[in-house]
Amino acid sequence: DIIEYFRIPADKIEVVYQGCDPSFMHPVAAEKKREIRAKYQLPDHYILNVGSIEERKNALSAVQALTMLPEQIHLVIVGRHTEYIERFIKENKLEERVHIISNVPFDDLPAFYQLAEIFVYPSRFEGFGIPIIEALYSGIPVVAATGSCLEEAGGPDSIYVHPDDIKGMANAFKQIYSDTERKKEMIEKGQKFAKRFSEEKQAEEILNIYKKLMK
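Residues numbered from 1 in each chain as written. Predicted model: local features only at pLDDT ≥ 70, side-chain atom pairs only at ≥ 80, totals over all residues. Heavy atoms only, no water.

Caption draft 1: Summary view of the packing of aromatic side chains. Evaluation of the coordinates by the stated rule reveals nine aromatic pairs. Residues Phe 24 and Phe 106 carry aromatic rings whose centres are separated by 5.6 Å and whose planes lie at 85° to one another, so their mutual orientation is edge-to-face. Pair noted here: Phe 24 is in the loop between helix H1 (2-6) and helix H2 (30-40) and Phe 106 is in the loop between strand E3 (98-101) and helix H5 (109-115), with a separation of 82 residues, a long-range link. Since its relative accessible area comes to 0%, Phe 24 is described here as buried. We classify Phe 106 as partly exposed; its relative accessible area is 40%. (Phe/Tyr/Trp six-rings, centres within 6.5 Å; stacked < 30°, edge-to-face > 60°. Helix = DSSP H or I, 4+ residues; strand = E, 2+ residues; numbered from the N terminus. Buried < 20%, exposed > 50% of the residue type's maximum accessible area, 1.4 Å probe, protein only.)

Here it is, written out as structure tokens:
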């Protein structure tokens, strides 16, 4: 985007990736998980989405994909209530399976991730996609959209589908649920990939840029 819109030569650009809050890098205690599940009435089996609920974020595609999955699988969306997806939820009688939870304190978020089975991020356009990093550190497989920068955040072992490919998204969910070995591999490789977004690595890369410029 910097090259395209501002005509800045590529050799004058250095990329240093941001990371996420360190709280997502540590396992949440079992007691805390039980407390969070009870507090928010979280279902036993759910796919998680975190972010503002607006058309750009494309949460509707995850809701639509839910109609192709077994009824015991739910979708939990952490974000502010909007009319954007609620009409579809009502028309398709998904009120019992789609849980929109607002005003979640930041300290509770790691448990939301670690209690989930899959993280979905179908956004059409992002600056980066920090929630994907949070999911990878939390040890859950990621399904995200193509066409933006999300492949850079999720790495080669997450699953990517076109943001309008509802059937493809549902199939990605089914694949993760049905193939335990694939799921395990996605989690292990995802956690390894996420380490490149550490604060130490950011500091090292920024320092190297400063040193290069001072020569």
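Caption draft 2: Just unusual backbone geometry, in detail. Of note in the backbone geometry, Gln 41 takes a positive phi value of approximately 55° without being a glycine. Structurally, the position occupied by Gln 41 is in the loop between H2 and strand E1 (46-50). According to the relative accessible area criterion, Gln 41 is exposed, its value standing at 65%. One non-glycine residue, Asn 58, lies in the positive phi region at around 65°. On the secondary structure map, Asn 58 appears in the loop between E1 and helix H3 (59-66).

Caption draft 3: Inspection of the packing of helix H6 (residues 130-138) against helix H9 (residues 180-194) at higher detail. Between H6 and H9, the least distance of the axes is 7 Å, while the angle of their chain directions is 120°. Between H6 and H9, the crossing angle belongs to the class labelled oblique. At the point where H6 passes H9, the crossing takes the left-handed sense. Touching Leu 136, Tyr 137 and Ser 138 of H6 are Gly 190, Gln 191, Phe 193 and Ala 194, all from H9. Residues of the contact of H6 with H9, tallied by class, amount to four nonpolar, three polar and no charged. (Axes fitted to C-alpha atoms, helices over the stretch in contact; angles between N-to-C directions. Parallel < 35°, antiparallel > 145°, perpendicular 65-115°, else oblique. Left-handed = near helix turned anticlockwise from the far one by under 90°. Contact = heavy atoms within 4.5 Å. Nonpolar A, V, L, I, M, F, W, Y, C, P; charged D, E, K, R; others polar.)

Caption draft 4: Helix H8 (residues 166-178), seen in detail. The end-to-end C-alpha distance of H8 is 18 Å, a good match for the 18 Å that 13 residues give at a rise of 1.5 Å each. In this structure, the buried side of H8 is in contact with E1, H3, strand E4 (118-121), strand E5 (142-145), strand E6 (159-161) and H9. (Expected span 1.5 Å × (residues − 1).)

Caption draft 5: The arrangement of the side chain of Gln 114 in detail. Structurally, Gln 114 is set in helix H5. Judged by its relative accessible area of 15%, Gln 114 is buried. A polar atom in the side chain of Gln 114 sits 2.8 Å from the backbone nitrogen of Val 28. Aside from chain neighbours lying at most four places away, what touches Gln 114 is Phe 24, His 26, Pro 27, Val 28, Lys 33 and Ser 138. (Polar contact = N/O pair within 3.5 Å; in protein donor to acceptor, adjacent residues only side chain to side chain.)

Caption draft 6: Broad picture of the layout of surface pockets. The volume enclosed by the largest pocket comes to roughly 420 Å³. Lining the largest pocket are 15 residues, and of these Asp 1, Ile 2, Val 15, Gly 127 and Glu 152 lie nearest its centre. For the lining of the largest pocket, the residue count by class is nine nonpolar, two polar and four charged. (1 Å grid on protein atoms, 1.4 Å probe; cavity = no way out; pocket = protein on both sides within 12 Å on 5 of 7 lines; lining within 4 Å. Points joined across faces, edges and corners; volume = space filled by probe spheres on them.)

Caption draft 7: Highlighting the sheet that holds E6. Read from one edge to the other, the open sheet built from six strands follows the order E3-E2-E1-E4-E5-E6, with strand pairing classed as parallel. Sheet topology places E3 and E6 at the edges, where each strand pairs with a single neighbour. Strand-to-strand twist of the sheet, defined as the mean angle between neighbouring strand axes without regard to direction, takes the value 20°. Two strands pair when backbone bridges link them, and E1 and strand E2 (residues 74-78) are joined in this way by five bridges, in the parallel orientation. Within E2, the position partnered with Tyr 46 by the bridge is His 74. Across the sheet, H6 touches E1, E4 and E5, and the angle it forms with E4 is around 170°. (Pairing = 2+ DSSP bridges.)

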